[in-house]
Amino acid sequence: MYEQEDLRVDSLSTGKMTTLEKYTTKTFGMMALGLLVTALTAWIFSTVKMSVGSYQGPISLMLCYKYNYLPMILLFAELGVVIAFSTRLFKSSINAVRVMYFAYAVLTGFTFSTLQFIYGSKTIYLAFAITAVYFGALCVIGFTTKMNLAKIWPLLFVGLIGIIIFNVAAMFIDLSSMDRVVCTLGLAIFTGITAFDTQKMKNLYISYQDDETMLPRLSMYSAFELYLDFINIFLYILRILGKNRD
């Protein structure tokens with residue numbers, strides 16, 4: 001389904017209710033809206049203050065102070081939303097799919113609200129700017145390349161599994177000495193995944209361009225994938241900049 005050889009845009013964008021240009025704009029627009037929700041949520045929870053006993057501070061820190069198991073709950077909540085999104089994408093209404101997408105964006109925003117106290121605002125802004133430029137370049141490459149990126153997906157998938165295993169192990173074992181290497185590898189892996197997901201977004205349109213009921217769901221699916229790609233690239237760049245600052 002994804003391995004289309006002819007990826008020419010000019011023959012796809014004529015005479016269709018939803019052109020490739022509109023489909024792409026809608027997908028990236030939804031991805032950007034999700035990032036905006038995440039950023040606003042992070043800003044609110046990192047600036048609005050509350051009191052817990054004799055302590056006063058940002059909501060996110062106070063809630064984590066009062067409920068030390070909250071980060072684990074958030075992790076499982078995010079995982080639950082991802083599973084629900086994947087399994088209900090073609091079963092639930094499109095509005096329900098959008099709600100799940102923005103719910104994940106809010107949960108991520110709350111998690112990110114603590115980053116300011118770890119890395120500082122300047123480092124976060126710099127990481128975001130670098131990520132935006134880098135991510136944009138990768139999307140252009142994925143959208144325009146004639147190379148079938150599905151051929152490198154097995155290698156990317158193996159690398160992704162390796163990164164996940166490392167992060168899980170790091171929760172129980174001190175692996176901080178390998179953090180810089182892992183961040184570099186993670187950034188390299190999501191470089192390939194981002195280009196692959198962009199090309200896949202285009203190929204999904206090619207496969208279902210005549211199905212106006214499928215296209216909105218596929219657009220949400222691609223927006224969610226690209227949102228996750230952006231978030232992961234941002235986190236790896238942030239961690240690398242944080243290490244350099246130290």
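Bear in mind that the values here come from a model prediction, so they are computed numbers and not experimental data.

Moving on to the overall build of the protein chain. The secondary structure content of the protein chain amounts to 9 helices and 2 strands. Ordered by position in the sequence, the α and β elements of the protein chain form the string α-β-β-α-α-α-α-α-α-α-α. Relative to its length of 246 residues, the protein chain is compact, with a C-alpha radius of gyration of 19 Å against a globular reference of 18 Å. For the protein chain, the spread of C-alpha atoms along the principal axes amounts to about 65 × 40 × 30 Å. By the burial criterion, 43% of the 246 residues in the protein chain qualify as buried. Excluding contacts between residues fewer than 6 apart, the proportion of contacts in the protein chain whose partners are at least 24 apart in sequence is 80%. Counting only carbon and sulfur atoms, one obtains 68% of the accessible surface of the protein chain, whose full area is about 13,300 Å².

Time to look at the packing of aromatic side chains. One pass over the structure, following the stated rule, counts 15 aromatic pairs. Ring geometry for Tyr 104 against Tyr 227: centres 6.1 Å apart, planes inclined by 80 degrees, an arrangement best described as edge-to-face. Of this pair, Tyr 104 sits in helix H4 (residues 94-112) while Tyr 227 sits in helix H9 (residues 215-245), placing them 123 residues apart in sequence. For Tyr 227, a relative accessible area of 0% puts it in the buried group. Taken together, the aromatic side chains of Phe 85, Tyr 101, Phe 102, Tyr 104, Phe 224 and Tyr 227 make up a single cluster linked through ring pairs. One Lys or Arg, Lys 202, reaches over the ring of Phe 143 and ends 4.4 Å from the middle of that ring.

Here we take up helix H1 (residues 20-47). Here H1 contains 28 residues, and its C-alpha end-to-end distance of 40 Å stays within 8% of the 40 Å for a straight helix at 1.5 Å per residue. Taken together, the buried positions of H1 are occupied by Leu 20, Tyr 23, Thr 24, Thr 27, Met 30, Met 31, Gly 34, Leu 35, Thr 38, Thr 41, Ala 42 and Ser 46.

Procedures and definitions
- Residues numbered from 1 in each chain as written.
- Predicted model: local features only at pLDDT ≥ 70, side-chain atom pairs only at ≥ 80, totals over all residues.
- Heavy atoms only, no water.
- Helix = DSSP H or I, 4+ residues; strand = E, 2+ residues; numbered from the N terminus.
- Rg over C-alpha atoms; globule rule 2.2 N^0.38 Å.
- Buried < 20%, exposed > 50% of the residue type's maximum accessible area, 1.4 Å probe, protein only.
- Contact = heavy atoms within 4.5 Å.
- Areas by Shrake-Rupley, 256 points an atom, 1.4 Å probe, with all protein chains shown as cover.
- Phe/Tyr/Trp six-rings, centres within 6.5 Å; stacked < 30°, edge-to-face > 60°.
- Lys NZ or Arg CZ within 6 Å of the ring centre and 35° of its normal.
- Expected span 1.5 Å × (residues − 1).

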